Amino acid sequence: MTTIKAAPLRPTKNEAVPITRLRLRRDGYRIACSVAGARDGEPVVVLHGGPGSGSQPSALRLFDLNRQRVVLIDQRGTGASGPRGSVRHNRTDRLIADMEVVRRHLGYQRWGVVGGSWGASLALAYAGTHPERVTGVVLRGTFLTSPAQVRGFLVRSRKRAPAPWQALARAARCKNPLQLLRCCAKALDARSPFARRRDVALAWRQYEDALLGSIAARRVASPVSRSRPTEQRLIRKYHVQAHYLTHTCWLGEPRLLRHARRAALSGVPIAAVHGTLDPVCPIATLDRLARAVPSLRAVRVHAGHLGSDPMLADTLARMIEAMFVRPS
């Protein structure tokens, strides 16, 4: 493991960055993409976490838009991709196929891949499936999609945020902690009453915020808006997330590590930064990835899970520059 000096994030205001937006139709979905940066720059695709969260324009601050071409993809059922919240034909292999459709549409022979949390899982799965299309992979807070990691998030971590966890269990009508994910998925199903879906989504969000805030005394969770649009957005997000977690994202740790090894053995460089205080994806995750991929450039930083953490964001920006920016 190594430690590198953090580079300051670029002060670009995202609203001032020219962004091209497009939607591609596939399998009854409208796959939304945003493209920004130099037209002849090194292409890099950014994969958001969740599953179910949608892309964030703030990710553009990690890149040198004068020398890179950045593609943000909203995965099926998330963000601006529709139908929002849909789980029909929504699986990891379909997301990988969507990425290939986007790449070909944009005319890139190869591109770099950046992903955080679930986006890191998808990045490794894509690179292992299409290593010949990938110039490099940069990961943040890697999620290895194992049942143990999911239990760690929804069961073992309840001691960090006991009151919000109890509220989530009550909303999901769950008496057995080991069944919490199944209960949440059932409650978030489109056939459930709106009030039940809303209560579970709001409680999940509050538990997630409390868990992430448990490692940073100065981080105070912002209150969740109770407006109808916000409630619907959270219902869609956690419906997709429960759908993926229930199926271990159609990957599981052994398979995902095989993807990572295949990509590395095919010559794809992989770098990863991970917070030592991460309560969602513990730092041992990085150790297991490093054992599977000896060539991995792994960096630990004193930080949590969120990509907005200054130490994580600064280190991630430095990694992206080292991996994808060609010398002038």
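About the criteria used
- Residues numbered from 1 in each chain as written.
- Predicted model: local features only at pLDDT ≥ 70, side-chain atom pairs only at ≥ 80, totals over all residues.
- Heavy atoms only, no water.
- Phe/Tyr/Trp six-rings, centres within 6.5 Å; stacked < 30°, edge-to-face > 60°.
- Lys NZ or Arg CZ within 6 Å of the ring centre and 35° of its normal.
- Helix = DSSP H or I, 4+ residues; strand = E, 2+ residues; numbered from the N terminus.
- Expected span 1.5 Å × (residues − 1).
- Buried < 20%, exposed > 50% of the residue type's maximum accessible area, 1.4 Å probe, protein only.
- Contact = heavy atoms within 4.5 Å.
- Polar contact = N/O pair within 3.5 Å; in protein donor to acceptor, adjacent residues only side chain to side chain.
- Salt bridge = Lys/Arg side-chain N within 4 Å of Asp/Glu carboxyl O.
- Pairing = 2+ DSSP bridges.
- Axes fitted to C-alpha atoms, helices over the stretch in contact; angles between N-to-C directions.
- Patch = residues over 30% accessible without salt bridge, like charges linked within 9 Å, V, L, I, M, F, W, Y side chains within 5 Å.
- Areas by Shrake-Rupley, 256 points an atom, 1.4 Å probe, with all protein chains shown as cover.
- Lys, Arg positive; Asp, Glu negative; His and termini not counted.
- Charge placed at Lys NZ, Arg CZ, Asp CG, Glu CD.

This paragraph deals with the packing of aromatic side chains. Under the criterion given, the structure shown has six aromatic pairs. Ring pairing ties together the aromatic residues Tyr 108, Trp 111 and Tyr 126, which thus form one cluster. Above the face of the Trp 165 ring, Arg 158 is positioned so that its terminal group lies 5.3 Å from the ring centre. A cation sits over an aromatic face here: Arg 228 above Phe 194, 3.9 Å from the ring centre.

Quick look at helix α10 (residues 310-324) now. Compared with the 21 Å implied by 1.5 Å per residue over 15 residues, the 21 Å span of α10 between its first and last C-alpha is a close match. Here α10 has its buried residues at Leu 312, Ala 313, Asp 314, Thr 315, Leu 316, Ala 317, Met 319, Ile 320 and Phe 324. On its buried face, α10 sits against β3 (42-47), β4 (68-73), β5 (111-116), β6 (134-140), β7 (270-275) and β8 (297-301). Sitting at the head of α10, Asp 309 places a side-chain oxygen 3.0 Å from the backbone nitrogen of Met 311.

Let's shift gears to the pattern of salt bridges. Counted under the stated rule, the structure contains 16 salt bridges. Residues Arg 103 and Glu 100 are paired through a salt bridge, measuring 2.9 Å at the closest nitrogen-oxygen approach. A residue pair is termed a helical-turn pair when its members lie 3 or 4 positions apart in one helix, as Arg 103 and Glu 100 do in helix α1 (residues 92-106) at three residues. Arg 103 sits in the buried class, given a relative accessible area of 4%. Assessed through its relative accessible area of 7%, Glu 100 is described here as buried. It is possible to trace a salt-bridge network through shared partners that takes in Arg 26, Asp 27, Arg 76, Arg 94 and Asp 98.

Our focus in this paragraph is the sheet that holds β6. Across the sheet, eight strands lie side by side as β1-β2-β4-β3-β5-β6-β7-β8; this open sheet has mixed pairing. A single partner strand is all that each edge strand has here, and the edge strands are β1 (19-26) and β8. Taking each pair of neighbouring strands and ignoring which way they run, the sheet shows an average axis angle of 20°. Sheet topology note: the β6/β7 ladder contains four bridges and is parallel. Within β7, the position partnered with Val 138 by the bridge is Ala 271.

Take a positive patch on the surface next. A surface patch of like charges, here positive, comprises Arg 21, Arg 23, Arg 25, Arg 30 and Arg 84. As for its placement among the helices and strands, Arg 25 is situated in strand β1. Judged by its relative accessible area of 69%, Arg 25 falls in the exposed class.

Relative to the elements of secondary structure, Leu 251 occurs in the loop between α7 (228-246) and α8 (253-265). Its relative accessible area of 12% is what places Leu 251 among the buried residues. Leu 251 sits 129 residues away from Leu 122 along the chain, and the two C-alpha atoms are 9.4 Å apart. Beyond its immediate sequence surroundings of up to four residues, Leu 251 is in contact with Thr 92, Trp 118, Ser 121, Ala 125, Thr 145, Leu 256 and His 259.

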